[in-house]
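Residue-level structural notes
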Amino acid sequence: MEATYTVTELSRAIGRTLARAFPDELWVEGEIKDLSRSRNGHVYFTLVDPDSGDDQGQPAAVLPVTLFATDRGAVNRVLMRTGAVRMTNGVHVRIRGRVTHYPGRGTVQLRMSWIDTEYTIGRLAAERIAVLRRLDAAGLLEANARLPLPGVPLEVGVVTSIGSAAHADFLAELAGSGYAFTVTVVDARTQGPEAVTSLVRALDVLAMRGCAVAALVRGGGAQTDLAAFDDETLARTIALAPFPVLTGIGHEVDTTVADRVANRSLKTPTACAQALVAMVRAFEQRLDGLAAATVTAAVGGAQQAATGLGRRSGRLATATRLHLTRHGRSIDAATAAIGRRAPLATARASGATLRLASRTATATRHALTAEERRLDGLAAIQRTHDPGRMLARGWTLTYRGDRLVRRPGDVAPGDHIRTETAGGGVRSVVEEGDGEPHG
Amino acid sequence: MADDIGYTAAMRELEEILAQIEADDVDVDLLSARVTRAAELIRLCRERIHATRIEVEEIVAGLEDADEQAERRQ
């Protein structure tokens, strides 16, 4: 009978063979899958080659990896030191360890002892450069930046992880502004393997709902946590979005691909919200400026018109006086003639004179009433725009006669001028005008 | 986005009104009408940007719903 192993014997033989075949620690690279941590501090995951899966997504080969609590401290220290890499699902790592056989489960596994963080960082950078090159070739790098930002971005779409600090910071900033922002927040995963699909779907939801501007925000994190923001599918979705996209991804060192294709990239979610508030504030300030300029111009215009109307009503009064005097004379003349004529003629003539006098009075009254109404209307305009308020603020109006002095050329040395201030008028004599426009 | 076009149009009209008022030959009848229109536009814009406190709508279920629907269809 041929030699027959017991399970234990074969297990031990495999262990010895493995130890001979792989006497030293070795380096393996691959993508982390199914990572879990046990209560006693061990970390378990499997390593696979990326994109090696079959139709069902089952990888062609898997390598179980164990990071025992005893080795974990050293690995954690190097991870902490770089700060850029976190061991999570989907992260591509290069790790060192010993190939061992685990008899209890009959599996071959890698006992991990070290990680090469530079490898992961370099790989992310290289991927980022490749993605940027492809986006550039497709003409997508500036596509979103070419969309004009709205002047008054009050309808804001937000893609973020609802409940996160980024979400709270962003909304607090908008709420604190006091402006009537209407915000549609779409929840998305911002890290981990589902992040890309989730972010793309959230942007699609916003595109369907419509918004004036969108913000993609998340808090800071390790560089590997931000991997989704270097993804080409997400970058293309941002580039081709129907609205400008602002990013506030909260990271210190590098900018992500998402930042690069966005309309504007801000450091943090708060800065992102501040940018939106600043846009609305800029609009409001323009509005204030226009309001002030309109009042100033209207007061000047009303003043000018008042001067003109004053002159016109003066002329009208003079004309009326002349008119009445002249008719008064003809009335007197008629009366005298009547005295010398027959009573019948007297009666006829006086009837005609009375009619004439009455018509003149009516016409004059009408003319005066119309002019009065115009003056009333003007007074109403002046009340509405209240030059008194301008005076109260320290502005003054200077007249030479009834003409407003607008420039040094309006007066000459020796002219008497009157300056209206809030408290009353001041009369003075011009010494000299320098003729230079005052700035 | 239609709103923003509204703001842009209002701003353009305000600038036009100001230019007309600042022109030397002011007609008093037009002055009053223009100032009234300017005041109205400024009031409308200001009211709209301060109209309400912030309004927030949260869309959370989108992803899960879509997945569940996809599963149910299979």
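Our subject in this report is the structure included herewith. This one's a predicted model, so the numbers in the text were calculated from it and none came from an experiment.

Conventions we followed
- Residues numbered from 1 in each chain as written.
- Chains lettered and ligands numbered in written order.
- Predicted model: local features only at pLDDT ≥ 70, side-chain atom pairs only at ≥ 80, totals over all residues.
- Heavy atoms only, no water.
- Helix = DSSP H or I, 4+ residues; strand = E, 2+ residues; numbered from the N terminus.
- Buried < 20%, exposed > 50% of the residue type's maximum accessible area, 1.4 Å probe, protein only.
- Areas by Shrake-Rupley, 256 points an atom, 1.4 Å probe, with all protein chains shown as cover.
- Axes fitted to C-alpha atoms, helices over the stretch in contact; angles between N-to-C directions.
- Parallel < 35°, antiparallel > 145°, perpendicular 65-115°, else oblique.
- Left-handed = near helix turned anticlockwise from the far one by under 90°.
- Contact = heavy atoms within 4.5 Å.
- Pairing = 2+ DSSP bridges.
- Patch = residues over 30% accessible without salt bridge, like charges linked within 9 Å, V, L, I, M, F, W, Y side chains within 5 Å.
- Salt bridge = Lys/Arg side-chain N within 4 Å of Asp/Glu carboxyl O.
- Lys, Arg positive; Asp, Glu negative; His and termini not counted.
- Charge placed at Lys NZ, Arg CZ, Asp CG, Glu CD.
- Right-handed = clockwise from strand over helix to strand, strands pointing away.
- Polar contact = N/O pair within 3.5 Å; in protein donor to acceptor, adjacent residues only side chain to side chain.

**Topic: the overall build of chain B**
Helix and strand counts for chain B stand at three helices and one strand. For chain B, the succession of helices and strands along the chain, N to C, is α-α-β-α. Residue burial in chain B is summarised as follows: out of 74 residues, 24% are buried. As presented, chain B carries roughly 5000 Å² of accessible surface, and 51% of it is formed by carbon and sulfur atoms.

**Comments concerning the packing of helix H5 (residues 195-209) of chain A against helix H6 (residues 232-239) of chain A**
Residues and elements named next belong to chain A. Running from N to C, H5 and H6 point in directions that differ by 10°, and their axes come no closer than 9 Å. Between H5 and H6, the interaxial angle falls into the category roughly parallel. Of the two elements, H5 crosses H6, and the hand of that crossing is left-handed. Taken together, the residues of H6 that come into contact with H5 (itself represented by Val196, Leu199, Val200, Leu203 and Asp204) are Thr233, Leu234, Thr237 and Ile238.

**Observations regarding the sheet that holds strand S9 (residues 245-248) of chain A**
On the basis of which strands lie adjacent, the open sheet formed by six strands has the order S10(A)-S9(A)-S8(A)-S6(A)-S7(A)-S1(B) and parallel pairing. Since the sheet does not close on itself, it has two edges, and those belong to strand S10 (264-266) of chain A together with strand S1 (55-59) of chain B, each with one partner. Here the strands of the sheet are splayed against their neighbours by 20° on average, with no regard to which way each runs. Where helix H4 (residues 165-176) of chain A meets the sheet, its contacts fall on strand S6 (155-160), strand S7 (182-187) and strand S8 (213-217) of chain A together with S1 of chain B, and the angle it forms with S6 of chain A comes to roughly 165°.

**Here we look at a nonpolar patch on the surface**
Together, Tyr5, Leu10 and Ile14 of chain A make up an exposed nonpolar region whose accessible area comes to about 290 Å². You can see Leu10 of chain A is positioned in helix H1 (residues 7-21).

**As for a positive patch on the surface**
Taken together, Arg311, Arg315, Arg403 and Arg406 of chain A make up a surface patch of like positive charges. Note that Arg311 of chain A resides in helix H8 (residues 269-340).

**A look at the pairing of S7 of chain A**
Counting buried residues along S7 of chain A, five of its six residues qualify, which places the element largely inside the surrounding structure. Two strands pair when backbone bridges link them, and S6 of chain A and S7 of chain A are joined in this way by six bridges, in the parallel orientation. Across the sheet, residue Val156 of chain A finds its bridge partner in S7 of chain A, namely Val183 of chain A. As for the winding sense of the linkage, the β-α-β connection from S6 of chain A through H4 of chain A to S7 of chain A is right-handed. Pairing between S7 of chain A and S1 of chain B: five bridges, direction parallel. By the bridge assignment for S1 of chain B, Val186 of chain A is matched with Ile59 of chain B.

**Details of the pattern of salt bridges**
What the rule picks out here adds up to 18 salt bridges over all chains. Glu232 of chain A serves as the salt-bridge partner of Arg134 of chain A, at 2.7 Å between the closest nitrogen and oxygen. Linking Arg134 of chain A in helix H3 (residues 117-137) with Glu232 of chain A in helix H6, this pair joins segments that are 98 residues apart in sequence. Given the relative accessible area of 43%, Arg134 of chain A is considered partly exposed. Where Arg37 of chain B meets Glu13 of chain B, a salt bridge forms, and the shortest distance between an N and an O atom there is 2.6 Å. In this pair, Arg37 of chain B sits in helix H2 (residues 28-50) while Glu13 of chain B sits in helix H1 (residues 2-22), placing the two residues 24 residues apart along the sequence. Given a relative accessible area of 36%, Arg37 of chain B falls into the partly exposed group. Residue classification places Glu13 of chain B among the partly exposed residues on the basis of a relative accessible area of 26%.

**What to know about the side chain of His92 of chain A**
Residues and elements named next belong to chain A. Structurally, the position occupied by His92 is in strand S4 (residues 92-102). His92 sits in the buried class, given a relative accessible area of 9%. Of note is the side chain of His92, whose polar atom sits 2.8 Å from the side chain of Glu29. There is a polar contact of 3.5 Å between the side chain of His92 and the side chain of Tyr119.

**A short note on the sheet that holds strand S5 (residues 107-115) of chain A**
Residues and elements named next belong to chain A. The strand order S1-S2-S3-S5-S4 describes a closed barrel built from five strands, whose pairing is mixed. Between one strand axis and the next, the sheet turns through 55° on average, direction left out of account. With six bridges connecting them, strand S2 (residues 43-48) and strand S3 (residues 62-67) associate as antiparallel partners. The residue of S3 that forms the bridge with Phe45 is Val65. Where H1 meets the sheet, its contacts fall on S4 and S5, and the angle it forms with S4 comes to roughly 135°.

Limitation: the analysis is restricted to geometry and does not speak to function.
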